[in-house]
Amino acid sequence: MTRASAPGKIILFGEHAVVYGRPALAVPVTQVHADVEVTAAPRRGIWIHAPDVNLHAELASLSADHPLGAAIRSVFGPHPRPLSRFRERGGGEGIEINISSTIPVASGLGSGAAVTVALLRALSSFLLRSLSFDEVNSLAYEIEKLHHGTPSGIDNTVITYARPVYFIKGQPIETFTVGAPFTIVIGDTGIRAPTKESVGDVRKLWEADQARWEKVFDEVGEIAKSAREKIERGKKKEELGALMNANHALLQEMTVSSLELDRLIVAARVAGALGAKLSGGGRGGNMIALVEKESAPAVAEALMSAGAKRTIITEVI
Ligand code: PMV
């Protein structure tokens, strides 16, 4: 049997503008993860079990654009070796793939990319076909396109490398170091919001008035750059919080916040957060608040009272 696991992620700064070439910052969240187990099975075929999404199917029954099917086929490659070659690994004619995840879906925590990365790693190691980080990342990016249409690639990158990432679409991977650990409280609105829709709506705004939105994206890009510097220096958390608030105001302008997100963001600030913003595609999903470690439980409680369905306290290191 082979196993692999991949973390969730949050975007700290720069979502949406990153689709238009501006930098964004994302970090892994290890409190939630996707897990994949691959075993040799007596029955013929490649069987996929993903109870969280109620899927129990043989690979051949999944359409070409099904993300799980596409990820599995991408590991087998264009010239699959016969499964019988792996018989000695368990005496079976087939393979069972078990997928589970504690990452809430469609909520900005990267559940799709984490499942893909764990699946690519578990299956490739079962097939004795080792994949480099870069190979996993580029295969996962192809699968992200099936989920999102025109993804920037930030999710698959931060999840593959499991390190803080300074991401610019189409440029070589840049990880960065955190000067002094800091604490983030994540609050889930419980509302599932497909990233594809908010990305599509921002595109419509941009198409209608490119000059205006390019300026807004520039501002977001400057915020992300300056946030990276502050995080690397590990000083002036208040200033990092102010940058979060400024980034959120620009996301509101892009129409990707929502009443529920704004309610949680205000509640976090009132409860003592240094700054707060939505994280990911928006319209629902998660918000994040930068807090002093000691005030994390109080901020998490305030978020629950303001309607959050769950909270996660995570240390960015
Ligand atoms: O909703 P998430 O966490 O998958 O984040 C999407 C981030 C966007 O910038 C909105 C889209 C993208 O592809 O980068």
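Residues numbered from 1 in each chain as written. Predicted model: local features only at pLDDT ≥ 70, side-chain atom pairs only at ≥ 80, totals over all residues. Heavy atoms only, no water.

When you go through the protein residue by residue, the secondary structure sums to 9 helices and 11 strands. Its C-alpha atoms give the protein a radius of gyration of 20 Å, near enough to 20 Å, the size a compact globule of 317 residues would have. With the principal axes as the frame, the protein shows a C-alpha extent of 60 × 45 × 35 Å. Out of the 317 residues belonging to the protein, those deemed buried represent 53%. Contacts in the protein between residues far apart in sequence, at least 24 positions, make up 72% of those at least 6 positions apart. Of the roughly 13600 Å² of accessible surface on the protein, 54% is carried by carbon and sulfur atoms. (Helix = DSSP H or I, 4+ residues; strand = E, 2+ residues; numbered from the N terminus. Rg over C-alpha atoms; globule rule 2.2 N^0.38 Å. Buried < 20%, exposed > 50% of the residue type's maximum accessible area, 1.4 Å probe, protein only. Contact = heavy atoms within 4.5 Å. Areas by Shrake-Rupley, 256 points an atom, 1.4 Å probe, with all protein chains shown as cover.)

This part takes up the pattern of salt bridges. Counted under the stated rule, the structure contains 17 salt bridges. Here R22 and E214 are joined by a salt bridge, their closest N and O atoms 2.6 Å apart. Of this pair, R22 sits in the loop between strand 1 (2-13) and strand 2 (24-41) while E214 sits in helix 6 (residues 210-233), placing them 192 residues apart in sequence. When its relative accessible area of 12% is taken as the criterion, R22 is described as buried. Note that R212 and E253 form a salt bridge whose closest N and O atoms lie 3.3 Å from each other. (Salt bridge = Lys/Arg side-chain N within 4 Å of Asp/Glu carboxyl O.)

With respect to spatial proximity, 16 residues lie near the ligand, and among them K9, H16, S152, T195 and G281 are the closest. G108 is positioned such that a nitrogen or oxygen atom in its backbone is 3.2 Å from an oxygen atom of the ligand. Of all the secondary-structure elements, those providing two or more residues to the shell around the ligand are strand 1, helix 4 (154-161) and helix 5 (195-208). For the shell around the ligand, the class distribution of residues is 6 nonpolar, 7 polar and 3 charged. Counting contributing residues per domain, the shell around the ligand is built from domain 1 (2-167) and domain 2 (178-316), each supplying no fewer than three. (Near = heavy atom within 4 Å. Polar contact = N/O pair within 3.5 Å; in protein donor to acceptor, adjacent residues only side chain to side chain. Nonpolar A, V, L, I, M, F, W, Y, C, P; charged D, E, K, R; others polar. Domains from an automatic or database assignment.)

With that settled, the discussion passes to the domain arrangement of the protein. On domain assignment, one finds that the protein holds domain 1 (2-167) and domain 2 (178-316). Each of domain 1 and domain 2 was reduced to a C-alpha centroid, and the two centroids are 26 Å apart. With 31 residues of domain 1 in contact, the opposing surface of domain 2 contributes 47 residues. Summing both sides of the interface, domain 1 and domain 2 together bury roughly 3000 Å²; the carbon and sulfur share of this comes to 65%. Of all residues in domain 1, F13, H16 and Y20 give up the largest surface area on contact with domain 2, accounting jointly for 25% of the area buried on that side. At the junction of domain 1 with domain 2, the criterion picks out 3 salt bridges. Where K277 meets E15, a salt bridge forms, and the shortest distance between an N and an O atom there is 2.9 Å. On the surface where domain 1 and domain 2 come into contact, there are 11 residue pairs in polar contact (both at pLDDT 80 or more). At 6 residues, the largest contribution of residues to the side of domain 1 that touches domain 2 is made by strand 2. (Buried area = accessible area lost by both parts, 1.4 Å probe.)

For helix 2 (residues 111-126), with 16 residues, the first-to-last C-alpha span of 22 Å sits near the 22 Å given by 1.5 Å per residue. Once helix 2 ends, the next one or two residues include L128, with phi positive near 55 degrees. (Expected span 1.5 Å × (residues − 1).)

Pairing between strand 1 and strand 2: 11 bridges, direction antiparallel. The residue of strand 2 that forms the bridge with T2 is V38. Both strand 2 and strand 6 (residues 165-167) contribute to a ladder of 3 bridges, which runs antiparallel. Across the sheet, the residue bridging to A26 is V165, located in strand 6. The sheet contact formed by strand 2 and strand 5 (residues 94-101) spans 8 bridges and is antiparallel. Note that in strand 5 the partner of D35 across the bridge is S100. (Pairing = 2+ DSSP bridges.)

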